Every structure is written in C-alpha cells, then in structure tokens.
Amino acid sequence: DVKVTQSSRYLVKRTGEKVFLECVQDMDHENMFWYRQDPGLGLRLIYFSYDVKMKEKGDIPEGYSVSREKKERFSLILESASTNQTSMYLCASSLVRGINYGYTFGSGTRLTVV
Amino acid sequence: AQTVTQSQPEMSVQEAETVTLSCTYDTSESDYYLFWYKQPPSRQMILVIRQEAYKQQNATENRFSVNFQKAAKSFSLKISDSQLGDAAMYFCAGGTSGSRLTFGEGTQLTVNP
C-alpha cells in the first residue's frame, strides 16, 4: 500500500513564526497536493506539484508556499504564521496526473497558531 | 469550474439500518469522476467508492453503493446494515480527468447502537 506520512500530528506555533509542514510518500508518485480542512468548508486545495521543483497554486495559496526538492517529499511553508491559519492540513499524492483514481492521503497535521 | 455540495452537515443512523448521504455537483464537462471518502477519528482519509461519469451503472462496494443521477447532478451514498465503525466524516469529491479533486463540505455520520 502507498503510504503518505506527515511528520507531525499536532503542532503549536506562535504568530509570526515560519512553519514547515513535511510530507513524504513512499510509492514514487509524481503528483503531490496540500489541502486545508476546516469545519463546514471541507477540503480546499492550497498548492500542488506534478514534478520535482514544479509547483502550482491551488484555490487558496495566499500566505503559503511550497517546496519540492525530491520526488518523495513535498513541504508546505507558512512564511509568517497567523491565527487564521489554524487548521488541519492534509497532504495527498497520486500516481497519475488526473483524478481518475483519486488520491492517497496522509493522516493530517493539526496546526494551532497562538 | 467544478463545485461539489453536501447539504447535510450531520446525519445519524441506528446500527443495522440504512442511511443515505447526499451530494450534488456542478460541471459542464462530460469526462469526470466522483468519489466518496471516509475520514474516521484517526483522520486517515479512506476511499470508499468511485464512479466514472460515463458509466451508467451505479458503483457498489460491499455495503456501500451510490445513486448516480446524471441529469440531476446528484451522487448520493447509501450505507446498508450500518455498523459502529461506519461512524466518520464523509466527503464527496469530484473533478474532470485533467483537474484536481474538489471536495464538498462533509457530512458527520453518527451510528447509534
């Protein structure tokens, strides 16, 4: 089975800190995604990547950036964390570029910004 | 652009009974895919069922089945013989083959013993 691992299950950070959320997948998937999950809003796409060193903005990229230096690793960066970025963050990956077979998700990182 | 809407924030069902979760979608494309994901308290998103829009037949996976009404743009999930382990947040999702997955708001399902 494909495994998508998010390095932290819970994080508490202070306003203004630079925050890194790490995601690693172990099945050589080309495509990786970062979603944010909020009650009543479902999952919203922040950034995605179809290849190493490639990134594209999703629906809510403001306040975030990403890094993909290696195929298996996709990092989400909060340049200066704010309280409105308190949320659950989910990483996902897929073998094919399209959505035909859905995505494989990690278990999420619950980030609290105080 | 594709949108996915779940109008039931919460649902409950008695153990062994049947429950239906609703989802509507909006797309102008003909080549698209629809999914139901389950997110239990462990937070691990699990793919429950997948439907290809060009297929007339409704997808089924054991106790889970969908009612795919293309003209009405409706994609509901039916859970038969509900079990305590079915309690979770359920997300409807979809998109065209060249796009990214778009998710609905989610429905929290409670299973009462």
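Procedures and definitions
Residues numbered from 1 in each chain as written. Chains lettered and ligands numbered in written order. Predicted model: local features only at pLDDT ≥ 70, side-chain atom pairs only at ≥ 80, totals over all residues. Heavy atoms only, no water. Phe/Tyr/Trp six-rings, centres within 6.5 Å; stacked < 30°, edge-to-face > 60°. Helix = DSSP H or I, 4+ residues; strand = E, 2+ residues; numbered from the N terminus. Buried < 20%, exposed > 50% of the residue type's maximum accessible area, 1.4 Å probe, protein only. Lys NZ or Arg CZ within 6 Å of the ring centre and 35° of its normal. Contact = heavy atoms within 4.5 Å. Buried area = accessible area lost by both parts, 1.4 Å probe. Salt bridge = Lys/Arg side-chain N within 4 Å of Asp/Glu carboxyl O. Polar contact = N/O pair within 3.5 Å; in protein donor to acceptor, adjacent residues only side chain to side chain. Nonpolar A, V, L, I, M, F, W, Y, C, P; charged D, E, K, R; others polar. Lys, Arg positive; Asp, Glu negative; His and termini not counted. Disulfide = S-S within 2.5 Å. Pairing = 2+ DSSP bridges. Core = buried A, V, L, I, M, F, W, Y, C linked by side-chain atoms within 4.5 Å.

Visitor: Before we move on, can you summarise the packing of aromatic side chains with the specific residues and values?
Guide: Scanning the model with the defined rule gives 17 aromatic pairs over all chains in all. Summarising the aromatic geometry, the rings of A:Phe33 and A:Phe48 are spaced 6.2 Å apart at their centres and angled 25° between planes, so their arrangement reads as stacked. Residue A:Phe33 is located in strand S5 (residues 31-38), and its partner A:Phe48 is located in strand S6 (residues 42-49); the two are separated by 15 residues in the primary sequence. Look at A:Phe33 and you get buried, because its relative accessible area is 0%. By relative accessible area, A:Phe48 is classed as buried at 1%. Arranged with centres 6.5 Å apart and planes meeting at 45°, the rings of A:Tyr35 and A:Tyr103 form a pair that is tilted. Note that A:Tyr35 is positioned in strand S5 and A:Tyr103 in the loop between strand S10 (87-94) and strand S11 (104-105), a separation of 68 residues in sequence. Here A:Tyr35 matches A:Tyr103 in class, with each residue buried. Aromatic rings pair up to connect A:Phe33, A:Tyr35, A:Phe48, A:Tyr50, A:Tyr103, A:Phe105, B:Phe35, B:Tyr37, B:Phe91 and B:Phe103 into one cluster. Across the ring face of A:Tyr10, the terminal group of B:Arg43 is positioned such that the distance to the ring centre comes to 5.1 Å.

Visitor: Residue-level account of the interface of chain A and chain B, with values.
Guide: Each side of the interface is counted separately: chain A has 27 residues, and chain B has 22 residues. Buried surface at the junction of chain A and chain B, both sides included, amounts to about 1900 Å², of which 51% is carbon and sulfur. Interface area lost by chain A to chain B is led by A:Ile99, A:Asn100 and A:Phe105, which between them contribute 31%. Our count for the contact surface shared by chain A and chain B stands at 0 salt bridges. Summed over the shared surface of chain A and chain B, the result is 13 residue pairs in polar contact (both at pLDDT 80 or more). For the side of chain A that touches chain B, the class distribution of residues is 14 nonpolar, 10 polar and 3 charged.

Visitor: Describe the side chain of A:Arg68, and please don't skip the residues or the numbers.
Guide: Residue and element names in this part refer to chain A. Tracing the sequence through the fold places Arg-68 in strand S8 (residues 64-70). One buried charged residue, Arg-68, forms no salt bridge at all, with the nearest opposite charge on Glu-30 at 5.9 Å. Side-chain polar atoms of Arg-68 contact the backbone oxygen of Glu-30, separated by 2.6 Å. Aside from chain neighbours lying at most four places away, what touches Arg-68 is Gln-25, His-29, Glu-30, Asn-31, Met-32, Ser-49, Tyr-50, Asp-51, Val-52, Lys-53, Arg-73 and Phe-74.

Visitor: Quick rundown of unusual backbone geometry? Include the residues and the values.
Guide: All names here are of chain B. We note that Asn-62 has phi near 60°; this positive angle belongs to a residue other than glycine. With respect to the helices and strands, Asn-62 occurs in the loop between strand S7 (60-61) and strand S8 (64-69). For Asn-62, a relative accessible area of 79% corresponds to the exposed category. Positive phi is not limited to glycine here, since Lys-73 has a value of about 55°.

Visitor: Outline the environment of A:Ile77, listing residues and values.
Guide: Residues and elements named next belong to chain A. Mapped onto the elements of the fold, Ile-77 is located in strand S9 (residues 73-78). Put simply, Ile-77 and Gly-108 are 31 residues apart on the chain and 15 Å apart in space, counted from C-alpha to C-alpha. Setting aside residues up to four positions removed in sequence, Ile-77 forms contacts with Lys-18, Val-19, Phe-20, Gly-63, Tyr-64, Ser-65, Val-66 and Ser-67.

Visitor: Kindly report on the state of the cysteines, identifying the contributing residues and their values.
Guide: All names here are of chain A. Under the definition given, this model contains 2 disulfides over all chains. Put simply, Cys-23 and Cys-91 are joined by a disulfide, and their sulfur atoms are 1.9 Å apart. Note on the Cys-23 and Cys-91 pair: the S-S dihedral is about -75°, so by sign convention the disulfide is left-handed. One end of the pair, Cys-23, is in strand S4 (residues 23-25); the other, Cys-91, is in strand S10, with 68 residues separating them in the sequence.

Visitor: Report on the pairing of strand S6 (residues 46-52) of chain B, specifying residues and quantitative values.
Guide: Both faces of the sheet carry side chains from a regular strand, because those side chains alternate between them. Residue and element names in this part refer to chain B. Of the strand pairs in this sheet, strand S5 (residues 32-39) and S6 are connected by 6 bridges, and their pairing is antiparallel. Residue pairing across strands places Tyr-33 opposite Glu-52, the latter belonging to S6. As consecutive antiparallel partners, S5 and S6 are separated by 6 residues, and within that stretch Arg-43 has a phi angle of approximately 80°, a positive value.

Visitor: Now, about the nonpolar core: what can you tell me, with residues and values included?
Guide: Residue and element names in this part refer to chain B. Core analysis: the biggest nonpolar cluster contains 24 residues, and Trp-36, Phe-75, Leu-77 and Tyr-90 have the highest contact counts within it. Going through the elements one at a time, strand S3 (19-21), S5, S6, S8, strand S9 (74-79), strand S10 (88-96) and strand S12 (107-112) are the ones with two or more residues in this core. Setting aside chain neighbours within four positions, we find Leu-77 in contact with Val-19, Thr-20, Leu-21, Trp-36, Ile-49, Phe-64, Ser-65, Val-66 and Tyr-90. In this structure, Tyr-33, Phe-35, Met-45 and Ala-93 belong to the second largest nonpolar core, which totals 21 residues.

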